[in-house]
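Per-entry structural report
Listed below are the residues making up each chain.
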Amino acid sequence: MVSYDEILTEAGFSQAAIREVREGKLHYGGSLDAASDTELSVKLAFRVDAKLENVKELFLRFPKKKEFDDTVEELGMIAADGGDGSLDDFAGIKLDKNAITLDKLYQNAAPGSDLNLSKDEIDKFKKLGKKASHEDIEKCLRQILLDRFHAYKKDGLSGIKPYARSKKEFSSGNELKYQIEVGPILKKHSPIFHKYAMEYPNNKPDGAEESFFWVNSIIDEKPTIALVHRLGMPQDGGWVYLERHFYISRSHNCLQGIGAALPVDDGAVVFYATRTSTDQVSGFGGAAKRTIGNRIMGGRMAANFERARQVVVTAKELDMLKL
């Protein structure tokens, strides 16, 4: 059985940092070795004095991001019954914040704009016309999100349509796959889950669970929609899990976090490492941008996870962890 000391040591945490985690402190461990020149990354470790089941439910089953991430405007489950989902699952998506600006962005959608859309998705908005109503834009976006969900659930990473850019398309599917490939810890300690994450939906391990939801976050004063897939499986008395933002409507390209919750006396130690792809840190001055971006993102995620573990600790019943 692998220990959290071993995992954290391999992840680059010092013995002093591991001791702090053991004593109950949340430790921000800096960034990971970059998988590409568009990447920001963060690694964190902390102890939660709560049942491992509560930790699992928070991170896998019942997303409570609104309680610990102040950028989240709204969120909702997709296909909570495990089925194919429907447009009703996306009814709560609204582009009301900065609506006039958002309407103009979608009315003028084009490769290389501030939106992440495939070529055929851009064509759908063009067909609405320059005078498309706010309601028509939201309706079109909801259908695109449902279509992307269906394609991903059927074909995994290979089913993700690339974003149209002014010069070359960007493939989030390829980026997410490479992010897993360059991380050595998951492949070493959980090769079965590693294979599942790479080849989803094929090769599902026994005991694996998954959930889907959408998140509407306000980034740069604009609504930003993400389609999120969470999956996990039991291992060594704990849980290994993955969070994958396989579509993000703007600002970032994609995001992927991998972690483990390992049992300790009266609680669990959680290790979490995330990689975010964004064009904003590439190009001239990219190294400096990534250094600053990693620091800012690390501080924000550390604060979010500090609040998240309090949600777990203060929950008296698992039902309190529901949306």
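Higher on the page you've got the structure.
Anyway, here's the lowdown on the structure attached to this text.

Rules of the game
Residues numbered from 1 in each chain as written. Predicted model: local features only at pLDDT ≥ 70, side-chain atom pairs only at ≥ 80, totals over all residues. Heavy atoms only, no water. Helix = DSSP H or I, 4+ residues; strand = E, 2+ residues; numbered from the N terminus. Buried < 20%, exposed > 50% of the residue type's maximum accessible area, 1.4 Å probe, protein only. Contact = heavy atoms within 4.5 Å. Pairing = 2+ DSSP bridges. Axes fitted to C-alpha atoms, helices over the stretch in contact; angles between N-to-C directions. Parallel < 35°, antiparallel > 145°, perpendicular 65-115°, else oblique. Left-handed = near helix turned anticlockwise from the far one by under 90°. Phe/Tyr/Trp six-rings, centres within 6.5 Å; stacked < 30°, edge-to-face > 60°. Polar contact = N/O pair within 3.5 Å; in protein donor to acceptor, adjacent residues only side chain to side chain.

1. Some points on the environment of serine 166
- Position of serine 166 relative to the elements: it lies in the loop between α7 (134–155) and α8 (172–181).
- In this structure serine 166 comes out as exposed when scored by relative accessible area, which is 63%.
- Spatially, the C-alpha atoms of serine 166 and glycine 112 are 4.6 Å apart, while their sequence positions differ by 54 residues.
- If near-sequence neighbours (up to four positions away) are discounted, serine 166 is found in contact with Pro111 and Gly112.

2. Points about the sheet that holds strand β3 (residues 72–78)
- Pairing in this open sheet of eight strands is antiparallel, and the strands run β1-β2-β8-β7-β6-β5-β4-β3 from one edge to the other. Strand pairing shows two members of the sheet lacking a second neighbour, β1 (27–28) and β3, which therefore form its edges.
- Two strands pair when backbone bridges link them, and strand β5 (residues 222–235) and strand β6 (residues 238–248) are joined in this way by ten bridges, in the antiparallel orientation. Along β6, the bridge assignment pairs proline 234 with tryptophan 239.
- Contacts from helix α2 (residues 15–22) reach β1, β2 (39–48) and β8 (267–277) within the one sheet, and its direction differs from that of β2 by about 50°.

3. Observations concerning the side chain of serine 277
- By the element assignment, serine 277 lies in strand β8.
- A relative accessible area of 0% means that serine 277 is categorised as buried.
- Apart from the residues lying within four places of it in its own chain, the contact partners of serine 277 are Thr38, Glu39, Phe170, Glu175, Gln179, His252, Asn253 and Cys254.

4. A word on the packing of helix α5 (residues 99–107) against α7
- Running from N to C, α5 and α7 point in directions that differ by 60°, and their axes come no closer than 10 Å. Regarding the angle of α5 to α7, the classification is oblique. Seen from above, α5 lies across α7 with left-handed handedness. Across the interface between the two elements, Ala99, Asp103, Tyr106 and Gln107 of α5 pack against His134, Ile137 and Leu141 of α7.

5. Details of the packing of aromatic side chains
- In this structure the tally under the stated criterion is twelve aromatic pairs.
- Taking the centre distance of 6.0 Å and the plane angle of 85° together, the rings of phenylalanine 13 and phenylalanine 271 count as edge-to-face. With a gap of 258 residues between them, phenylalanine 13 in the loop between α1 (4–10) and α2 and phenylalanine 271 in strand β8 connect regions that are remote in the sequence.
- Relative accessible area serves as the criterion here: at 5%, phenylalanine 13 is assigned to the buried category.

6. Considering the environment of methionine 198
- Inspection of the secondary structure puts methionine 198 in helix α10 (residues 191–199).
- Exposure remark for methionine 198: the relative accessible area of 18% places this residue in the buried category.
- Methionine 198 has contacts with Leu157, Lys177, Ile180 and Glu181, leaving out every residue within four places of it along the chain.

7. Things to note about α5
- Every buried residue of α5 is listed here: Leu102, Asp103, Leu105, Tyr106 and Gln107.
- Looking at the buried side of α5, the elements it contacts are α6 (119–128), α7 and β5.

8. Brief notes about the side chain of serine 41
- Of note, serine 41 is situated in strand β2.
- Judged by its relative accessible area of 2%, serine 41 is buried.
- Only 2.8 Å separates the side chain of serine 41 from the backbone nitrogen of leucine 32, close enough to count as a polar contact.
- Once residues within four sequence positions are removed from consideration, serine 41 is found in contact with Gly30, Ser31, Leu32, Thr274, Arg275 and Asn294.

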